[in-house]
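Survey of secondary and tertiary structure
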Amino acid sequence: MSTINAQNYGDGTDSVPASAVLQGTAKAWAAWDNDGTFTTRETYNVSSLTDDGVGIASLNITNSFSLSILNYLMSGMSGGAVGAGCHFTIAGTNSNTMQIVGHNANGADTDFNGNSAGCSGDLA
Amino acid sequence: MTVDYSQYKLWEREMIFKDQHKDLPQGNYAILWEDPADPDAPAKVTRPSPTWLAMAMHGGILPPVEVYHKLAEDEAKEGFTRHTQGHLLHETPPVGPMTEEEAMEYLVQKDIPPQVWRDYKGNRQVLKIVPVHLIPTNREFRNAWKINQEAA
């Protein structure tokens with residue numbers, strides 16, 4: 001595999017520093033269903049997913065992050081239901097596990113199909 | 001083409017592997033476990049990522065599980081802010097091919113808290129590797145799930 005080394009990437013008009021590409025890319029992500037059989041659909045840099053209970057899933061990371069995941073950008077989506085949302089919980093200085101909690105429009109933890117979550121940050 | 005994954009960083013290895021291996025099957029096993037530190041919590045179910053499982057069974061990609069233990073030790077130290085031994089993930093010679101059962105045992109030691117698989121001294125069975133078809137699909141009482149001690 002060849003490596004392109006450059007400090008900036010551009011299209012001839014605009015350019016961004018290489019760090020914007022390297023640090024802005026999701027370093028771990030997963031898509032899964034947990035309404036019925038808990039099933040992983042696609043992942044990158046995720047060794048396993050844990051079904052922690054109704055609406056709650058944990059992503060276990062293959063290549064740990066440098067810092068606690070709390071220091072990085074986490075984003076996600078729970079199902080496709082109108083008003084559904086999600087939030088994240090991270091235990092202590094954990095660089096290996098991120099937990100996502102899906103909830104319905106009333107805020108109750110709820111199982112959905114079509115969940116996804118990712119994290120951008122520096123890998124160890 | 002045979003790839004020598006060991007010359008790449010761990011996260012690069014998965015990118016290369018995924019490029020060459022598509023539509024990977026779900027694993028046949030799940031880890032069913034309870035956290036002794038939170039006895040009121042329901043049983044948890046951990047399933048491997050199909051990509052990770054395929055990498056484990058391929059061999060030559062994943063570091064020895066002890067590398068994760070070393071990083072966990074560092075992380076547990078007072079004042080931890082940043083991993084300084086992340087190079088162990090990339091530079092330690094990867095382990096060889098595993099069977100699916102061996103991969104599940106590796107995953108227990110990597111992704112399940114040590115207080116479950118190593119330190120627990122109680123009488124309950126708090127950890128089992130089970131065929132996926134034994135996990136209920138009806139989630140109506142999901143938050144009441146416990147490991148069946150009679151079947152243990």
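Residues numbered from 1 in each chain as written. Chains lettered and ligands numbered in written order. Predicted model: local features only at pLDDT ≥ 70, side-chain atom pairs only at ≥ 80, totals over all residues. Heavy atoms only, no water.

Focus: the overall build of chain B
As a reminder, the rule being used: A helix here means a DSSP run of H or I that spans at least four residues, while a strand means a run of E at least two residues long, and both kinds are numbered starting from the N terminus. Contacts are assigned to residue pairs that have any heavy atoms within 4.5 Å of one another. Surface exposure here means Shrake-Rupley accessible area, sampled with a 1.4 Å probe, where a residue is shielded only by the protein chains that are shown. For the charge count, each Lys or Arg is scored as positive and each Asp or Glu as negative, with His and the chain ends excluded. For this purpose, a charge sits on NZ of Lys, CZ of Arg, CG of Asp or CD of Glu.
Counting its secondary structure elements, chain B contains six helices and three strands. Taken from N to C terminus, the helices and strands of chain B fall in the order α-β-β-α-α-α-α-α-β. Projecting the C-alpha coordinates of chain B onto the three principal axes gives extents of approximately 50 × 40 × 25 Å. Excluding contacts between residues fewer than 6 apart, the proportion of contacts in chain B whose partners are at least 24 apart in sequence is 70%. Of the roughly 8300 Å² of accessible surface on chain B, a fraction of 51% belongs to carbon and sulfur atoms. Of the side-chain charges in chain B, 17 are positive and 23 negative, and the distance between the mean point of each set is 3 Å.

Regarding the packing of helix α2 (residues 50-58) of chain B against helix α5 (residues 100-111) of chain B
Residues and elements named next belong to chain B. Put simply, the rule reads: To obtain an axis, a line is fitted to C-alpha atoms, over the contacting stretch when the element is a helix, and the angle between two such axes runs from 0 to 180 degrees between their N-to-C directions. Two helices crossing with the near one rotated counterclockwise from the far one by less than a right angle form a left-handed crossing, whereas a clockwise rotation gives a right-handed crossing. Each residue is assigned to one of three groups, with Ala, Val, Leu, Ile, Met, Phe, Trp, Tyr, Cys and Pro labelled nonpolar, Asp, Glu, Lys and Arg labelled charged, and all others, Gly among them, labelled polar.
Between α2 and α5, whose axes approach to 9 Å, the crossing angle comes to 115 degrees. Classified by chirality, the crossing of α5 by α2 is right-handed. On the side of α2, the interface is formed by Trp52, Leu53, Ala56 and Met57, while α5 contributes Glu100, Ala103, Tyr106 and Leu107. A per-class count over the contact of α2 with α5 returns seven nonpolar, no polar and one charged.

Section: the interface of chain A and chain B
For an interface, size is often stated in terms of accessible area lost upon the parts coming together. Stated formally: By buried area we mean the combined loss of accessible area, with a 1.4 Å probe, across both parts when two parts are placed together. Within this document, salt bridges are pairs made up of a side-chain nitrogen of Lys or Arg and a carboxyl oxygen of Asp or Glu, the two lying within 4 Å of each other.
Between chain A and chain B, the contact holds 37 residues from the first and 40 residues from the second. Between chain A and chain B lies a buried interface of about 3100 Å² when both sides are counted; carbon and sulfur atoms form 47% of it. The interface formed by chain A and chain B contains five salt bridges. One salt bridge connects Asp51(A) with Arg142(B), and the closest N-O pair in it is separated by 3.0 Å. Of all the elements in the fold, those that place two or more residues in the side of chain A that touches chain B are β4 (39-44), β5 (46-53) and β6 (56-61) of chain A. By residue number, the principal contributor to the side of chain A that touches chain B is β5(A), which donates eight residues. Partitioning the side of chain A that touches chain B into residue classes produces 12 nonpolar, 20 polar and five charged.

Description of the nonpolar core
This is how it is decided: Buried Ala, Val, Leu, Ile, Met, Phe, Trp, Tyr and Cys residues form a nonpolar core when they are joined through side-chain atoms within 4.5 Å. A 1.4 Å probe rolled over the protein chains alone gives each residue an accessible area, and that area as a share of the maximum for its type sets the label: buried under 20%, exposed over 50%, partly exposed in between.
Formed by 30 residues in total, the largest nonpolar core has its most connected members in Ile31(B), Trp52(B), Leu62(B), Leu89(B) and Tyr106(B). Counting residues per element, the ones that place at least two in this core are α1 (10-20), β1 (29-33), α2, α3 (65-76) and α5 of chain B. Each residue touching Tyr106(B), except ones within four places of it in the same chain, is listed here: Trp52(B), Leu62(B), Pro63(B), Pro64(B), Val65(B), Tyr68(B), Val95(B) and Met98(B). In this structure, Val46(A), Ile69(A), Ile90(A) and Ala117(A) belong to the second largest nonpolar core, which totals 20 residues.

Concerning the pattern of salt bridges
Within this structure, the stated rule accounts for 11 salt bridges over all chains. In this structure, Arg118(B) and Asp119(B) form a salt bridge, with 2.9 Å as the shortest nitrogen-oxygen distance. Using a relative accessible area of 39% as the deciding quantity, one classes Asp119(B) as partly exposed. Members of the salt-bridge network, linked through shared partners, are Asp51(A), Asp111(A), Arg139(B) and Arg142(B).

Let's talk about the side chain of Lys110(B)
Note that Lys110(B) resides in helix α5. In this structure Lys110(B) comes out as buried when scored by relative accessible area, which is 13%. Lys110(B) has contacts with Ser47(A), Asn60(A), Ile61(A), Thr62(A), Val65(B) and Tyr68(B), leaving out every residue within four places of it along the chain.

Considering the sheet that holds strand β10 (residues 115-120) of chain A
Heads up, the condition is: Pairing between two strands is assigned when DSSP locates at least 2 bridges connecting them.
Taken together, the four strands give an open sheet; going across it, the order is β4-β3-β10-β7 (chain A), and neighbouring strands pair in antiparallel fashion. Of all strands in the sheet, those with a lone pairing partner are β4 and β7 (73-77) of chain A, marking the two edges. Strand-to-strand twist in this sheet, taken as the mean axis angle between neighbours without regard to direction, amounts to 10 degrees. Across the sheet, α1(B) is in contact with β3 (26-33) and β4 of chain A; its angle to β4(A) comes to roughly 115 degrees.

Observations concerning the packing of aromatic side chains
Residue and element names in this part refer to chain B. As a reminder, the rule being used: The criterion for an aromatic pair is that two Phe, Tyr or Trp rings (for Trp, the six-membered ring) have centres within 6.5 Å, with stacked assigned to planes under 30 degrees apart, edge-to-face to planes over 60 apart and tilted to the rest. Note on criteria: charge over ring means Lys NZ or Arg CZ within 6 Å of the ring centre, with the direction from the centre no more than 35 degrees off the ring normal.
According to the stated counting rule, one finds three aromatic pairs over all chains in the structure shown. For the pair tyrosine 5 and phenylalanine 17, a centre-to-centre distance of 6.3 Å together with 55 degrees between the ring planes defines the contact as tilted. Within this pair, whereas tyrosine 5 is found in the segment before α1, its partner phenylalanine 17 is found in helix α1, the two being separated by 12 residues in sequence. Take tyrosine 5 and phenylalanine 17: they sit in the same class, and that class is buried. An angle of 50 degrees between the planes, with centres 5.7 Å apart, marks the rings of tryptophan 52 and tyrosine 106 as tilted. A residue pair is termed long-range when its members are at least 10 positions apart, and tryptophan 52 in helix α2 and tyrosine 106 in helix α5 qualify at 54 residues. Between the NZ or CZ atom of lysine 110 and the centre of the ring of tyrosine 68, over which it lies, the distance is 4.8 Å. Seen from the ring of tryptophan 117, arginine 118 lies directly overhead, with NZ or CZ sitting 5.8 Å from the centre.

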